[in-house]
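Here's the letter readout for the chains.
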Amino acid sequence: MTISLAISPCPNDTFVFHALVHGLVPGAPAVDVTYADVDVTNTAAERGAYDIVKVSYAALPWLLDDYELLPCGGALGRGCGPLLLARTGAGTTDLTGATVAVPGDRTTAYLLFRLWAADHPPARIEVVPFHEIMPGVAAGRYDAGLVIHEARFTYPRYGLTALVDLGEWWENDTGLPIPLGAILARRGAVDPVAAAGWIRESVRQAWADPAASRDYVMAHAQEMEPDVADRHIALYVNDFTADLGRDGHAAVDALLRRAADAGLTPQISSSRATAWTS
């Protein structure tokens, strides 16, 4: 048996899934892995393209008929939210008339941005590959850009400033962590209980011997410096990676209910609600 897995090439994903991908998890099947940006996996999951897949929490309302949320392996935490950036000196959160670059229309970053900007939306949104956002803002192609992950550590290099930390805004407003990336198992293809066990063991091994995954992480880190990769892993791989727990499930519930109430995403059907609220 071989299962298909899609994750991002980001250090948090490669760190977490190193043992599973490399056949080091006892009892787990062989893995055929694809590395892709989350905007790509969000779309691919709608086609049922992978057995286990990393997606944005914001995409769940379109996916839970075919996939089940796993309680581990994803990216959720505190102090790790998306940033809205502009050129240094721009210094205003009034986006009237602005063009804002975002990493995907069903990313959690963009959903948080839409909730935050409900009363002062920008004039234009452009979906831009993540690696092009900061250079584009720096060059003046966009008035502002929405970034995630390692951009938290590198944006000053581009002469940019953070207009708002959407994670900080979310935490202050709700008291909950920020649900960013989810791990889903395709219904009928993978036993979700078994899959969660494989992933938890992969996480356990990653923490037990961080050096074991070092070469693999850096090989996929897209020219990221080792210290930035280390900070990335330290921020995004945390207790919620091993288990969402009560606070994690509450955060997902709050995000998707707010989004549905605002008309930004479909309501979750009651038959699928237990996939992510229990």
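These remarks concern the structure in this document. (Residues numbered from 1 in each chain as written. Predicted model: local features only at pLDDT ≥ 70, side-chain atom pairs only at ≥ 80, totals over all residues. Heavy atoms only, no water.)

### Thoughts on the environment of Ala 259
- Relative to the helices and strands, Ala 259 resides in helix α11 (residues 245–261).
- Classification of Ala 259 by relative accessible area gives buried; the value is 0%.
- Excluding its chain neighbours within four sequence positions, the residues that come into contact with Ala 259 are Leu 111, Leu 115, Leu 264 and Thr 265. (Helix = DSSP H or I, 4+ residues; strand = E, 2+ residues; numbered from the N terminus. Buried < 20%, exposed > 50% of the residue type's maximum accessible area, 1.4 Å probe, protein only. Contact = heavy atoms within 4.5 Å.)

### Looking at helix α9 (residues 226–236)
- Those residues of α9 lying buried are Val 228, Ala 229, His 232, Ile 233, Leu 235 and Tyr 236. All buried residues of α9 project into a common sector of 165° when viewed along the axis, lining one side. (Arc of directions from axis to C-beta.)

### Quick word on the sheet that holds strand β9 (residues 144–147)
- Here we have five strands laid out as an open sheet, ordered β8-β7-β9-β6-β10, and mixed in their pairing. On the outer flanks of this sheet lie β8 (124–127) and β10 (160–165), each paired with one strand and no other. Sheet twist, expressed as the average angle between the axes of neighbouring strands with direction ignored, equals 30°.
- Sheet topology places strand β6 (residues 83–87) next to β10; five bridges connect them, and they run antiparallel. Note on β10: the bridge partner recorded for Arg 87 is Leu 160. (Pairing = 2+ DSSP bridges. Axes fitted to C-alpha atoms, helices over the stretch in contact; angles between N-to-C directions.)

### What about the nonpolar core?
- Ranked by size, the top nonpolar core spans 73 residues in total, and within it Tyr 57, Leu 60, Leu 84, Phe 113 and Leu 184 carry the most contacts.
- Here the element with the most residues in this core is helix α3 (residues 108–116); it accounts for seven residues.
- Those residues within four positions of Tyr 57 in sequence are excluded, and the remaining contacts are Leu 69, Ala 75, Leu 76, Thr 108, Pro 179, Leu 180, Gly 181, Ala 182, Leu 244, Val 252, Leu 255 and Leu 256.
- Counting residues in each nonpolar core, the second largest holds 27 residues, with Phe 15, Val 21, Val 190 and Tyr 216 among its members. (Core = buried A, V, L, I, M, F, W, Y, C linked by side-chain atoms within 4.5 Å.)

### So, the packing of aromatic side chains
- Following the criterion strictly, the structure yields three aromatic pairs and no others.
- Here Tyr 110 and Phe 113 contribute two aromatic rings whose centre-to-centre distance is 6.3 Å and whose plane-to-plane angle is 20°, an arrangement assigned as stacked. Linking Tyr 110 with Phe 113, this pair stays in helix α3, spanning three residues, or about one helical turn.
- Assessed through its relative accessible area of 12%, Tyr 110 is described here as buried.
- Its relative accessible area of 2% is what places Phe 113 among the buried residues.
- Ring geometry for Phe 113 and Trp 116: centres 6.0 Å apart, planes at 40°, overall tilted. Of the two residues, Phe 113 and Trp 116 both sit in helix α3, three residues apart, roughly one turn of that helix. Here the two residues Phe 113 and Trp 116 agree in accessibility, since each one is buried.
- Three or more aromatic residues joined by ring pairs make a cluster, and in this case those are Tyr 110, Phe 113 and Trp 116.
- The ring of Trp 62 carries Arg 106 above its face, with NZ or CZ at 3.8 Å from the centroid. (Phe/Tyr/Trp six-rings, centres within 6.5 Å; stacked < 30°, edge-to-face > 60°. Lys NZ or Arg CZ within 6 Å of the ring centre and 35° of its normal.)

### What about the pattern of salt bridges?
- Across all of its chains, the model carries 13 salt bridges by this definition.
- Between Asp 13 and Lys 54 there is a salt bridge; the shortest N-O distance is 2.7 Å. On the criterion of sequence distance, the pair formed by Asp 13 in helix α1 (residues 11–21) and Lys 54 in strand β3 (residues 52–56) is long-range, its members being 41 residues apart.
- Taking the shortest distance from any N to any O, the salt bridge between Arg 106 and Glu 46 comes out at 2.6 Å. (Salt bridge = Lys/Arg side-chain N within 4 Å of Asp/Glu carboxyl O.)

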